[in-house]
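# Fold and geometry: a report
Take a look at the letters that make up each chain.
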Amino acid sequence: MTSAIPTLETERLILRPWTPADAAPFAIMCADAELMRYVGGVMDQTNAWRRMAVYVGHWTLRGYGPWALQDKASGQLAGYSGVYDPDGWPEREINWGLARPFLGRGLVTEAATRVRTYAYETLGFKTIVSCIDMDNKPSQAVAVRLGAKLDRTVPFLGSQFGVFRHLPPGVVP
Amino acid sequence: MTSITIPTLETERLILRGWRNSDFDGYAELIGDASSTFIGGPLSREDAWRKMATLAGHWTLRGFGSFVIEEKSGGAFAGYCGPWFPLGFPEQELGWGLVAASRGKGIATEAVTCVRRHVYDQLKWPTAVSFIAPQNTPSLRVAERLKARLDGTTEIRGKMCQIWRHPSPSELATQR
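Note that the structure is a prediction, hence the values are computed from the model and not measured.

### Digging into the overall build of chain B
- For chain B, the helix and strand inventory stands at five helices and nine strands.
- Traced from its N-terminal end to its C-terminal end, chain B shows the element sequence β-β-β-α-α-β-β-β-α-β-α-β-β-α.
- On C-alpha atoms alone, chain B measures out to a radius of gyration of 15 Å, which is about the 16 Å that the 2.2 N^0.38 rule sets for 176 residues.
- Across its three principal directions, the C-alpha atoms of chain B cover 40 × 35 × 35 Å.
- With 176 residues in all, chain B has 54% of them scored as buried.
- Carbon and sulfur atoms make up 51% of the accessible area of chain B, which totals about 7900 Å².
- Averaging the coordinates of the 21 positive side-chain charges in chain B and doing the same for the 18 negative ones gives two points 3 Å apart.

Below is the structure:
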């Protein structure tokens, strides 16, 4: 049995498969209280490794999943983004998260735009959302910048989440 | 593209293979069962899916991982067994877990015997252990049946476990 993860590229990022070397920088992200506030809270190194393994195994089980984002300029792990759909999720979504040094430069928008194209053109999805905590204003701003619109709110993971529906295939620039 | 190929192993009664999404109902039953406290359960279906994804993702991150156990007769998901070495573990272990319907038939012993040979012959592990809670009587019996020996205790994610060390590759060779 073989599972393969493709590599994609944008102007400033490489969307690539996870490697063991991502564990250390990913653990730094997962220990940052502000970054983790709306995505499950801070985690120690061992739980960060397991979260990374979930992203990797997601590809095996679903055939798609979150990529590691590599900053072309520095070669560093900038964050993650991809199609995320674990059991019990409101809908298949585009998820994202950035490491602290990479915030505020439009990198999430760049990555998520590429993921959206992949979801429509390669996976053949007709629609996709992003599920965002209603208190998570920075991520909502990204969703809006991507052209997504609030579809509904759902009680989820002990909080209230907005289901932001992305622009449909064909409308995407 | 990067890819990992997961081998399929075979014993008299069992197929040992990579994880598939269709294993989820079986795994959710296994890890949702009240008796799964010694293998990280019981978990809700949502948490079970993520745990199963962790087991699958382990293969890519480590180059080895656990196998799904399928019974040849009937083809049902019987459980899982094999290497487990997440970050923070004191050493590489062989773990296992079975659904209720597959217990009491020697399936764990048969499966672990096969993966133990696999990790020695193919992965060149010099030694292998299994971490077992002292209250986990069924797994202690499996360890004894596999000729593993008690080799101290250790703490795994806040719980005290016994270290059961398997016969080494050379000890196994003389037993064959």
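### Digging into the packing of helix H3 (residues 45–62) of chain A against helix H2 (residues 45–62) of chain B
- Look at H3 of chain A against H2 of chain B: their axes get within 6 Å of each other, and the N-to-C directions meet at 90°. The orientation of H3 of chain A with respect to H2 of chain B, classified from their angle, is roughly perpendicular. For the pair H3 of chain A and H2 of chain B, contact is made by Trp49, Arg50, Met52, Ala53, Val54, Val56, Gly57, His58, Thr60, Leu61 and Arg62 of chain A and by Trp49, Arg50, Lys51, Met52, Ala53, Thr54, Ala56, Gly57, His58, Thr60, Leu61 and Arg62 of chain B, respectively.
- Tallied by class, residues from the contact of H3 of chain A with H2 of chain B come to eleven nonpolar, seven polar and five charged.

### Quick look at the pairing of strand E4 (residues 66–71) of chain A
Residues and elements named next belong to chain A.
- Burial of E4 is extensive: five of the six residues sit out of reach of the surface.
- Where strand E3 (residues 13–16) meets E4, four bridges bridge the pair, whose relative direction is antiparallel. What sits directly across from Leu13, in E4, is Asp71.
- Taken together, the five bridges between E4 and strand E5 (residues 77–84) define a ladder with antiparallel strand orientation. Residue pairing for E5: Gln70 is matched across the bridge by Leu77.
- If you look at the hairpin formed by E4 and E5, you'll find five residues sitting between the two strands, and Gly75 has a positive phi there, around 80°.

Parameters and conventions
Residues numbered from 1 in each chain as written. Chains lettered and ligands numbered in written order. Predicted model: local features only at pLDDT ≥ 70, side-chain atom pairs only at ≥ 80, totals over all residues. Heavy atoms only, no water. Helix = DSSP H or I, 4+ residues; strand = E, 2+ residues; numbered from the N terminus. Rg over C-alpha atoms; globule rule 2.2 N^0.38 Å. Buried < 20%, exposed > 50% of the residue type's maximum accessible area, 1.4 Å probe, protein only. Areas by Shrake-Rupley, 256 points an atom, 1.4 Å probe, with all protein chains shown as cover. Lys, Arg positive; Asp, Glu negative; His and termini not counted. Charge placed at Lys NZ, Arg CZ, Asp CG, Glu CD. Axes fitted to C-alpha atoms, helices over the stretch in contact; angles between N-to-C directions. Parallel < 35°, antiparallel > 145°, perpendicular 65-115°, else oblique. Contact = heavy atoms within 4.5 Å. Nonpolar A, V, L, I, M, F, W, Y, C, P; charged D, E, K, R; others polar. Pairing = 2+ DSSP bridges.

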